[in-house]
Amino acid sequence: MTTSTTTSTATATGMPAVRPYESYVYAYPHKTAYRPLPERPALRELWAAEPKSALSLYLHIPFCEVRCGFCNLFTRIGAPEELTTRYLDALDRQAVAVRDALGDDEPVRFAAAAFGGGTPTFLTADELERLCDIAEKRMGADLLAVPLSVETSPSTATADRLAVLADRGTTRVSIGVQSFVDAEARAAVRPQRRAEVEAALGRIRDARIPVLNIDLIYGIDGQTERTWLTSLDAALAWRPEELYLYPLYVRPLTGLHRLGAAATGPDAEAVEQAAWDEQRLRLYAVGRDHLLAHGYEQVSMRMFRRADAPQEGPEDYACQTDGMIGLGCGARSYTSALHYSFDYAVDMREIRSIIDRFTATEDFSRAEVGRYVDAAEARRRHLLQSLLQAAGLPLDDYRARFGTDPRADFPAELARFADRGWLDARAPEGLLRLSPLGLAHSDALGPALFSPGVRAAMAAYERK
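Residues numbered from 1 in each chain as written. Predicted model: local features only at pLDDT ≥ 70, side-chain atom pairs only at ≥ 80, totals over all residues. Heavy atoms only, no water.

Undergrad: Is there a simple way to explain the overall build of the protein in this structure?
TA: Of the regular secondary structure elements, the protein holds 19 helices and 17 strands. Within the protein, residue pairs in contact and separated by at least 24 positions form 78% of the contacts whose partners lie at least 6 positions apart. Entry remark: accessible area of the protein is about 19800 Å², with carbon and sulfur atoms responsible for 52%. (Helix = DSSP H or I, 4+ residues; strand = E, 2+ residues; numbered from the N terminus. Contact = heavy atoms within 4.5 Å. Areas by Shrake-Rupley, 256 points an atom, 1.4 Å probe, with all protein chains shown as cover.)

Okay, here's the thing in structure tokens:
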């Protein structure tokens, strides 16, 4: 393990220290920068001039059997009073409205599909059949012909549900395990036992879905390098095609945040945060090196793919440039000019209210909440999403899309990254790529690329 890969930014460069875990950037701009759209633009107008030959389709199911202590996703526990039926009814109405808005002036093609949440397999086998019908019969996605990824959990990965997913064309199942050590699962407020996890993994393998992804978390209270390796080796025993290694975050309004709300004062908290940052960086390096030594390739800070695994996803789809259709009250949609969704919340009472409003909605023909993305933000988003991948950003791709060079568009940001050792000085000519130290600090680098406008909107967001 080389020093340059694990040491803090301050030690490596002499610059002021940067916290390595600012925020996980999985989409830009973040939903906390979205606001109600006063004009409520019609979807037909928003999509009229958009390319529709390589769309991504995402269906969101906002239900879980339990809520983990670290979770700040848009989801609720349980679904009383036939709520799943009412939710699928609303999802069906939304799909009809969205497909109508896409029109038939040019072919509409979906290049990839995903069911997320929440936990899509919270639905029964029959309800999963209906979910697939909505994607195929309402939206026109050919699930047997495109990659289809579905999220699951140990308790809901039952044989009948997995059989439906396999029959309907699922190519990837992602299961949130987080830890194979029962005490660590409890510390993360995730009630599960290793035996249940192992049984679920066996059922997934029996279903013969091509790609298995296992999510693990490092930084849990009481976790050590030894117990982290225990979880890694337990996961590797199943030879998953993919593994995601997530640093633990304690976010506002989550279970772990409430448990720690009575923590000590700010000075002690700062010391604890620094120690926790060092623990997570150390465990990240241990996990990364362990997977690399076992035949996995690093795709991003979080994602590792077995070297002989099939490539998941179409070669002609790029999240930076192609549109996304999101169905469900927690899903977001992307056009070139507007990212839109429904209201966002973490607090359970607020989430229930939003779901209730969604299920009562009859007219889904307009965008309700979102943020417009101008040319400058589009450049920023492209740089951010490309740079956070281990493969990096080919400069020619950026120039072909925008007619400019990212080094001219973002000189200050890239200079800071270079000074901190986050950019790979040995990258081939024409490639902007992170160094191992930069990949380790992806959760600081990503937020550093947020625009002032997005930062201001996120700061002004009222948590609920």
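Undergrad: Looking at this structure, I do not really get the pattern of salt bridges. What am I missing?
TA: Pairs can form between side chains of opposite charge once their charged atoms are near each other. For the structure on display, the rule yields 29 salt bridges. A salt bridge links Asp308 to Arg306, with the shortest nitrogen-to-oxygen separation between them at 2.5 Å. With a relative accessible area of 52%, Asp308 lands in the exposed category. A single salt-bridge network, built from bridges that share partners, covers Glu129, Asp133, Glu136, Lys137 and Arg168. (Salt bridge = Lys/Arg side-chain N within 4 Å of Asp/Glu carboxyl O. Buried < 20%, exposed > 50% of the residue type's maximum accessible area, 1.4 Å probe, protein only.)

Undergrad: Can you help me understand the packing of aromatic side chains in this one?
TA: Centre-to-centre distance and the angle between the planes together describe a pair of aromatic rings. Under the definition given, this model contains 16 aromatic pairs. An angle of 70° between the planes, with centres 5.9 Å apart, marks the rings of Tyr24 and Tyr246 as edge-to-face. Of this pair, Tyr24 sits in the loop between α2 (9-13) and β1 (35-36) while Tyr246 sits in strand β9 (residues 242-247); the two residues are 222 residues apart in sequence, bridging distant segments of the chain. For Tyr24, a relative accessible area of 24% translates into the label partly exposed. On the basis of an interplanar angle of 45° and a centroid distance of 6.5 Å, the ring pair of Tyr218 and Tyr284 is categorised as tilted. One end of the pair, Tyr218, is in strand β8 (residues 211-218); the other, Tyr284, is in helix α11 (residues 266-293), with 66 residues separating them in the sequence. The two residues Tyr218 and Tyr284 agree in class, both being buried. For Arg280, the ring lying beneath its charged end belongs to Trp276, and the centroid distance is 3.5 Å. (Phe/Tyr/Trp six-rings, centres within 6.5 Å; stacked < 30°, edge-to-face > 60°. Lys NZ or Arg CZ within 6 Å of the ring centre and 35° of its normal.)

Undergrad: Is there a simple way to think about the packing of helix α4 (residues 83-102) against helix α12 (residues 348-360) in this case?
TA: A pair of packed helices can be characterised by two numbers: the angle between their axes and the separation between those axes. Across the interface, α4 lies against α12 with an axial gap of 8 Å and an inter-helix angle of 55°. Classified by the interaxial angle, the pair formed by α4 and α12 is oblique. Classified by chirality, the crossing of α12 by α4 is left-handed. Residues Leu83, Arg86, Tyr87, Ala90, Leu91, Arg93 and Gln94 of α4 form the contact with α12, whose own contacting residues are Ile355, Asp356, Phe358, Thr359 and Ala360. (Axes fitted to C-alpha atoms, helices over the stretch in contact; angles between N-to-C directions. Parallel < 35°, antiparallel > 145°, perpendicular 65-115°, else oblique. Left-handed = near helix turned anticlockwise from the far one by under 90°.)

Undergrad: I would appreciate a short explanation of unusual backbone geometry in the present structure.
TA: For residues other than glycine, phi is negative in most cases, and the peptide bonds are mostly trans. Cis geometry is adopted by the peptide bond preceding Pro29, which originates at Tyr28 and carries an omega value of -5°. Residue position: Pro29 is located in the loop between α2 and β1. Put simply, Gly117 and Gly118 share a cis peptide bond, and its omega is 15°. With respect to the helices and strands, the residue Gly118 is situated in the loop between β5 (110-117) and α5 (125-138). Positive phi is not limited to glycine here, since Arg208 has a value of about 60°. Tracing the backbone shows Arg208 in the loop between α8 (194-206) and β8.

Undergrad: Which parts of the structure should I look at to understand the pairing of strand β6 (residues 148-152)?
TA: Look at any regular strand and the pattern is simple: side chains alternate between the two faces of the sheet. Buried residues dominate β6, accounting for 4 of its 5 residues. Crossover β5 to β6 through α5 is right-handed. Following the chain from β6 across helix α6 (residues 159-167) to the adjacent parallel strand β7 (residues 172-178), one finds a crossover that is right-handed. (Right-handed = clockwise from strand over helix to strand, strands pointing away.)

Undergrad: Is there a simple way to think about the nonpolar core in this case?
TA: For soluble globular proteins, the rule of thumb is that nonpolar side chains tend to be buried together. Leu57, Leu216 and Ile325 are the most contacted members of the largest nonpolar core, which has 113 residues in total. A total of 10 residues in this core trace back to one element, the largest contributor, which is α4. If we ignore the near neighbours within four places in the chain, the residues touching Ile325 are Trp47, Leu55, Ser56, Leu57, Tyr58, Val98, Leu102, Phe110, Met139, Arg332 and Ser333. Of all hydrophobic cores here, the second largest spans 9 residues; its members include Ile220, Leu248, Val299 and Met303. (Core = buried A, V, L, I, M, F, W, Y, C linked by side-chain atoms within 4.5 Å.)

Undergrad: Explanation requested: the packing of α4 against α5 in the structure shown.
TA: Axis separation between α4 and α5 bottoms out at 10 Å; the angle between their running directions is 10°. Put simply, α4 runs roughly parallel to α5. Where α4 approaches α5, its residues Thr84, Thr85, Leu88, Asp89, Leu91, Asp92, Ala95, Val96 and Arg99 are matched on the opposing element by Glu127, Arg130, Leu131, Ile134 and Arg138. Here the residues of the contact of α4 with α5 sort into 6 nonpolar, 2 polar and 6 charged. (Nonpolar A, V, L, I, M, F, W, Y, C, P; charged D, E, K, R; others polar.)

Undergrad: What exactly am I supposed to notice about helix α16 (residues 411-419) here?
TA: The periodicity of an α-helix, 3.6 residues per turn, causes residues three or four places apart in sequence to face the same way. Those residues of α16 that sit buried are Glu413, Leu414 and Phe417. Take α16 and look down its axis: the buried residues cluster within an arc of 90°, on one side only. Packed against the buried residues of α16 are α13 (375-387), α15 (406-409), β17 (431-432) and α18 (442-448). Backbone geometry just downstream of α16 places Gly421 in the positive-phi region, at approximately 80°. (Arc of directions from axis to C-beta.)

Undergrad: Explain the confidence of the model for the protein to me, please; I cannot follow it from the model alone.
TA: In low-pLDDT regions, the fine details of the predicted coordinates are not to be read closely. With 88% of its residues at a pLDDT of 70 or more, the protein has an overall mean of 89. The low-confidence segment residues 1-5 (pLDDT under 50) makes 9 contacts with residues lying over four places distant or belonging to another chain. A low-confidence stretch, residues 252-259 (pLDDT under 50), is modelled with 22 contacts involving residues beyond four sequence positions or located in other chains. (pLDDT = per-residue confidence, 0-100.)

Undergrad: Would you mind showing me how to read the side chain of Arg172 here?
TA: Along the chain, the position of Arg172 falls in strand β7. Take Arg172: its relative accessible area is 12%, and that puts it in the buried class. Here the side chain of Arg172 touches Ser149 through a polar contact of 2.8 Å, side chain to side chain. (Polar contact = N/O pair within 3.5 Å; in protein donor to acceptor, adjacent residues only side chain to side chain.)

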